[in-house]
Each structure stands twice: as structure tokens, then as C-alpha cells.
Amino acid sequence: MQRTPVSPEDLHIRVYDLWENDWLLLTAGDFPSGKFNAMTVSWGSIGSLWGKPYAQVFIRPTRYTYEFCNQYDTFTLCAFPAPYRKALSLIGSRSGKDADKIAQAGLTPQVAAVVAAPVFAEASLAIECRKIYWADLNPANFLDENIHAHYPNKDYHRTFYGEILHISATESFR
């Protein structure tokens, strides 16, 4: 898919729709070495923090991508056109630990513009981030009791904050 650079100020997204309905593919690791993994995410945020554009993602410690996000300094978030929904569903429902789920999904990882983690040729939006902070969710701080229902296994997410270093997108995001 043909993407061109776009500044955070010129990026036009429906933030809630992007996370909740379209989903994103989070990829962490090092593409040149072949050590990376991806997972579909539907929780997160994009905005401004500490004077920087940022993206925030949530990963359970039981996910294989968690290891990559902890070990490597960068991650990417990619959005795809509707025909790729099945591919994102496959990647979100299988582990990359024992199989090449990216190849099974028919997606093509490629070199990102400025980070080590890959982006995908089929993506209509690619956001490249450098980790700047992480924190583990603490259930003692949940103010809404209904939140506990998301954690029957007590596998509380780790939140990673990434400074957005580069964005490339199709015209639909301008």
C-alpha cells in the first residue's frame, strides 16, 4: 500500500473507532535480525504527553509480544483496510511463539522508516514509536469494580508509552 509521511498534527483519525472497531497491529522487536512478534490490539490511546506525540498500548504478560516489548526499545502500530480484518483476527488469536502467524495471515513485514520494529506493506497507517515509559496496572487502583471482570486470571496488563517518531499513511488519514 502506498503510504507517505504525515506529521502528528496533520494525522486525521477517529481515535475510538481506530482502537475499538478497526483494531491495530502492534509489532515489537528487531526486523533486521528477524526477531519480532505482532499482536492485534484494541486497547490504547494516541495523544500528547510530556510535550511529545505518543501512543499507549496495553499487553498482558501472558502474550508472546510482551517479551519483545520489554526487550526492545521500539514498537509499531499499523492499521489496515477492512479486507485485512480476517488477518488481524488470526494474528490476535494465535501465538507467534510456535508458528509464523504473520505469514499465515498473508502479511508482509518491511523495514520501518526510523525504528527497528517492522511495519507492514499492506498497512494504510504505520506509526513508529520509541518506548519512553511503562507501568503495570495495579488492581488496587481500579475505581470501577467492573474492571476486575477483565482479569479473571489476574494477568494485569503492562502499559507501554511510546513517543511517536514517524507516521506514514494513505490519503484517507490526512
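Each remark here, short or long, concerns the structure printed above.
Residues numbered from 1 in each chain as written. Predicted model: local features only at pLDDT ≥ 70, side-chain atom pairs only at ≥ 80, totals over all residues. Heavy atoms only, no water.

(A) Spotlight on the environment of G47. Relative to the helices and strands, G47 resides in strand β4 (residues 44-49). Sequence-wise, G47 and A116 are 69 residues apart; in three dimensions their C-alpha atoms are separated by 22 Å. Ignoring any residue separated from it by four or fewer positions in sequence, one finds G47 in contact with K52, P53 and Y54. (Helix = DSSP H or I, 4+ residues; strand = E, 2+ residues; numbered from the N terminus. Contact = heavy atoms within 4.5 Å.)

(B) Layout of the packing of aromatic side chains. This structure, assessed with the given rule, holds 13 aromatic pairs. For the ring pair F80 and Y84, a centre distance of 5.9 Å and an interplane angle of 50° mean the geometry is tilted. Judged by relative accessible area, F80 falls into the buried class, the value being 8%. Ring geometry for F142 and Y156: centres 6.1 Å apart, planes at 65°, overall edge-to-face. Separated by 14 residues along the polypeptide, F142 in the loop between β9 (125-136) and β10 (158-169) and Y156 in the loop between β9 and β10 bring together distant segments of the chain. When its relative accessible area of 12% is taken as the criterion, F142 is described as buried. (Phe/Tyr/Trp six-rings, centres within 6.5 Å; stacked < 30°, edge-to-face > 60°. Buried < 20%, exposed > 50% of the residue type's maximum accessible area, 1.4 Å probe, protein only.)

(C) How the structure looks around the nonpolar core. Formed by 27 residues in total, the largest nonpolar core has its most connected members in L26, F75, L77 and L125. Elements that contribute at least two residues to this core include exactly α1 (15-22), β2 (24-30), β3 (35-41), β5 (52-59), α2 (64-71), β6 (74-79), β9 and β10. Among the elements that make up this core, the one with the highest residue count is β10 (4 residues). If we ignore the near neighbours within four places in the chain, the residues touching L125 are R3, L11, I13, L18, L77, C78, A79, I167, S168, A169 and F173. (Core = buried A, V, L, I, M, F, W, Y, C linked by side-chain atoms within 4.5 Å.)

(D) Representation of α1 in the model. Listed in full, the buried residues belonging to α1 are D17, L18 and W19. In this fold, the buried residues of α1 make contact with β2, β3, β4, β5, β6 and β9.

(E) Focus on the state of the cysteines. Overall, the coordinates contain 0 disulfides when judged by the stated rule. C78 carries a free sulfur, and the closest cysteine sulfur to it, the one in C129, is 10 Å from it. Owing to a relative accessible area of 0%, C78 belongs among the buried residues under this scheme. Considering cysteine sulfurs only, C69 is the nearest to C129, which forms no disulfide, with 9.5 Å between them. (Disulfide = S-S within 2.5 Å.)

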